[in-house]
Amino acid sequence: MNPKIPTETQLPLYKAAPPSEPVNITQGQAARRVYIETYGCQMNVSDSELMSGILTRNGYEMVDRLENANVVLLNTCAIRENAEEKVLNRLKHLDHRKQVQSDLVLGVCGCMAQHMKTKLIDAAPYVDFVLGPDAYRNLPMAINSVTTGDPFLDLTLDKGEDYADLAPIRVDGVRAWLTIQRGCDKMCTFCIVPFVRGRERSIPMHLLVDDVKRLVDEGFKEVVLLGQTVNSYNDGTHNFGDLLFAMSEVEAIERIRFTSPHPSDATDALIEAMASCDKVCNQIHLPLQSGSTKVLKAMRRTYTAEAYRELVAKMRARIPNLSISTDVIVGFCGETETDFMETYNLMAEIRYDSAFMFKYSSREGTLADKTLDDDVSDKEKGCRLREIIELQEGISHEINQGLIGETAAVLVEGESRRDPNRYQGKTDGFKTTVFPKENSQVGDLVRVKVESVTAHTLIGSLVAAPL
Ligand code: SAH
Ligand code: F3S
């Protein structure tokens, strides 16, 4: 792994405030070597890259092994209870490490930090500092000012903070994550995100277009635009459709994807941009959550099952070969067997290419937690989850089987995890594809003839014909 270090002159300057001042690391003090462990979604991966950028420019060295670090940062997730439990267990392990490595600094950052606040310190008093998602400019200061006294906390949420002036440091690869929007204004009743990431804000379009140009110069072939409701993007002048058109104009960027759009913001402008920009992949992750309009209402998802069904039909009619994935929650407050069957039946009808499926997990502070009864037993949630997983596995497998014999354009990403003689990459529809390397190279867009499949992978061989 070879991190890219942008120079200061490459940084887009947009905010009146200058980038965080480099902290003067005291002469003679042991060099700070920082290891970041990232939990949760791609937004956190992108935030960890932002943190690496801030720290590197302030004289810290980033390392990719915990054993080589004297600063460990956990960039955390709060979306479900088990995400937080995982980090609490990890912290116990790091406490043991701290006891043998006395100079080890331990910071907890991100969504769980913001969610648990001082309760995190109660649970893990050995943590040195706790920073929320809008406080990363203070990272160097937090690390440098660690004392034996009370832990440092910065949990300010700031609608003005978009980090647009701070370049992230990305690991080499073909796909780059680009945060275009932070926060969420939707307030789904089950979701902790608006509480831990604050209000929605979009980065100005011209800066994002410049970012894509820079990514191309750095060798990236594909960009994935990130936002909690990425398609509600609005910088005051431009909407998400405008952004997709503008990014498609950037020469040499080969593929553009985005995640995750909200069904209520899937405007005609978005559909038009997807249909007419070749570089925008024919793939969408469109969270359904539930197939019951009654449950959707209780979730405050702002669409009905019928409206969602119509949206999918409209998109499929306008965008040929559209690959669709989704998120589904089972066992939300008040979900009856009939409601669940509506979800099951809608999934069977829509036939998603793939789905992320979850048991509802009550999150402290959300409206559902405060006003609704988490009345579906864990056992029942488990049964419902198993049913839809089984349904989806079958559908994913059947859809992939339908691709056998077809030729797909695949962007080569790297060696297959299981076989050093093969490469793996993604199709336009975001399907993982594995094939013998032959004379192809990472970063190439190659043609692969699909020969066999599983529910999650296409297996094939290279076809000589040019794209
Ligand atoms: N709009 C965001 C959603 C982030 S959360 C995005 O996709 O970028 C990702 C998924 O986690 C949600 O779509 C939802 O299906 C699931 N989720 C969120 N809160 C949950 C909860 N309290 N319990 C179970 N699943 C949840
Ligand atoms: Fe969460 Fe709903 Fe926003 S799922 S991230 S509150 S769109």
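Everything numeric here is computed off the predicted structure, so don't read it as measured data.

1. Re helix α11 (residues 305-318)
(1) Moving on: In a regular helix each residue adds 1.5 Å, so 14 residues correspond to 20 Å; α11 covers 20 Å between its end C-alpha atoms and thus fits that length.
(2) Moving on: Buried-residue contacts for α11 involve α9 (268-276), β12 (283-285), α10 (293-299), β13 (323-330) and α12 (337-350).

2. With respect to the side chain of asparagine 70
(1) Moving on: You can see asparagine 70 is positioned in the loop between β2 (61-62) and β3 (71-76).
(2) Moving on: For asparagine 70, a relative accessible area of 1% puts it in the buried group.
(3) Moving on: For asparagine 70, the side chain forms a polar contact with the main-chain nitrogen of arginine 33, separated by 2.8 Å.
(4) Moving on: Excluding its chain neighbours within four sequence positions, the residues that come into contact with asparagine 70 are Ala31, Arg32, Arg33, Gln101, Asp103, Leu104 and Val105.

3. Things to note about the packing of α11 against α12
(1) Moving on: One can describe the packing of α11 onto α12 by two numbers: an axis separation of 12 Å at closest approach and a directional angle of 10°. Judged by the inter-axis angle, α11 sits roughly parallel to α12. Note on element contacts: α12 touches α11 through Leu346, Glu349 and Ile350, opposite Ala305, Tyr308, Arg309, Val312 and Arg316.
(2) Moving on: Taken together, the residues of the contact of α11 with α12 sort by class into five nonpolar, no polar and three charged.

4. Section: the confidence of the model for the chain
(1) Moving on: For the chain, the average pLDDT comes to 92, and 93% of its residues sit at 70 or higher.
(2) Moving on: Per-residue pLDDT stays below 50 along residues 1-28; that stretch engages in 60 contacts with residues further than four places along the chain or on separate chains.

5. Re the nonpolar core
(1) Moving on: Of all hydrophobic cores here, the largest spans 71 residues; its most connected members are Leu225, Phe240 and Phe258.
(2) Moving on: The element best represented in this core is helix α7 (residues 205-217), accounting for seven residues.
(3) Moving on: Summarising the domain contributions, this core has at least three residues from each of domain 2 (173-281) and domain 3 (283-401).
(4) Moving on: When near neighbours in sequence (up to four residues on either side) are disregarded, phenylalanine 240 contacts Ile180, Leu225, Val230, Asn231, Tyr233, Phe258 and Leu270.
(5) Moving on: In this structure, Leu74, Ala78, Leu94 and Leu155 belong to the second largest nonpolar core, which totals 29 residues.

6. Some remarks on the state of the cysteines
(1) Moving on: Tallied over the full model, the rule gives zero disulfides.
(2) Moving on: Cysteine 281 takes part in no disulfide bond, and the closest cysteine sulfur to it belongs to cysteine 277, at a distance of 11 Å.

7. Details of the site of ligand 2
(1) Moving on: By nearness alone, every residue bordering ligand 2 is listed as Cys184, Lys186, Met187, Cys188, Phe190, Cys191, Val193, Pro194, Gln228, Thr229, His262 and Arg301.
(2) Moving on: Classifying every residue of the shell around ligand 2 by side-chain character gives seven nonpolar, three polar and two charged.

8. Digging into the domain arrangement of the chain
(1) Moving on: Split by domain assignment, the chain resolves into domain 1 (8-154), domain 2 (173-281), domain 3 (283-401) and domain 4 (407-464).
(2) Moving on: Each of domain 3 and domain 4 has a C-alpha centre, and the two are 30 Å apart.
(3) Moving on: In this assembly, nine residues from domain 3 lie in contact with 10 residues from domain 4.
(4) Moving on: Area buried by domain 3 at its contact with domain 4 is led by Gln283, Glu393 and Asn400, which between them contribute 62% of it.
(5) Moving on: The interface formed by domain 3 and domain 4 contains one salt bridge.
(6) Moving on: In this structure, the salt-bridge partner of aspartate 353 is lysine 431, at a minimum N-O distance of 2.8 Å.
(7) Moving on: The tally of links from domain 3 across to domain 4 stands at six residue pairs in polar contact (both at pLDDT 80 or more).

9. Topic: the packing of helix α8 (residues 240-248) against α9
Helix packing for two helices is described by the angle between their axes and how far apart those axes are.
(1) Moving on: Direction vectors running N to C along α8 and α9 enclose 20°, while the axes themselves pass 8 Å from each other. Judged on the interaxial angle alone, α9 and α8 are roughly parallel. The chirality of how α8 crosses α9 is left-handed. For the pair α8 and α9, contact is made by Phe240, Gly241, Leu244 and Phe245 and by Ala269, Leu270, Glu272, Ala273 and Ser276, respectively.
(2) Moving on: Looking at the contact of α8 with α9 residue by residue, the class counts come to six nonpolar, two polar and one charged.

10. Things to note about the sheet that holds strand β17 (residues 432-436)
(1) Moving on: A barrel is described by the order of its strands in space; here five strands give the closed sequence β15-β16-β17-β19-β18, paired in mixed fashion. Averaged over all pairs of adjacent strands, the angle between their axes in this sheet comes to 50°, without regard to strand direction.

Reading guide: rules and limits
- Residues numbered from 1 in each chain as written.
- Chains lettered and ligands numbered in written order.
- Predicted model: local features only at pLDDT ≥ 70, side-chain atom pairs only at ≥ 80, totals over all residues.
- Heavy atoms only, no water.
- Helix = DSSP H or I, 4+ residues; strand = E, 2+ residues; numbered from the N terminus.
- Expected span 1.5 Å × (residues − 1).
- Contact = heavy atoms within 4.5 Å.
- Buried < 20%, exposed > 50% of the residue type's maximum accessible area, 1.4 Å probe, protein only.
- Polar contact = N/O pair within 3.5 Å; in protein donor to acceptor, adjacent residues only side chain to side chain.
- Axes fitted to C-alpha atoms, helices over the stretch in contact; angles between N-to-C directions.
- Parallel < 35°, antiparallel > 145°, perpendicular 65-115°, else oblique.
- Nonpolar A, V, L, I, M, F, W, Y, C, P; charged D, E, K, R; others polar.
- pLDDT = per-residue confidence, 0-100.
- Core = buried A, V, L, I, M, F, W, Y, C linked by side-chain atoms within 4.5 Å.
- Domains from an automatic or database assignment.
- Disulfide = S-S within 2.5 Å.
- Near = heavy atom within 4 Å.
- Buried area = accessible area lost by both parts, 1.4 Å probe.
- Salt bridge = Lys/Arg side-chain N within 4 Å of Asp/Glu carboxyl O.
- Left-handed = near helix turned anticlockwise from the far one by under 90°.
- Pairing = 2+ DSSP bridges.

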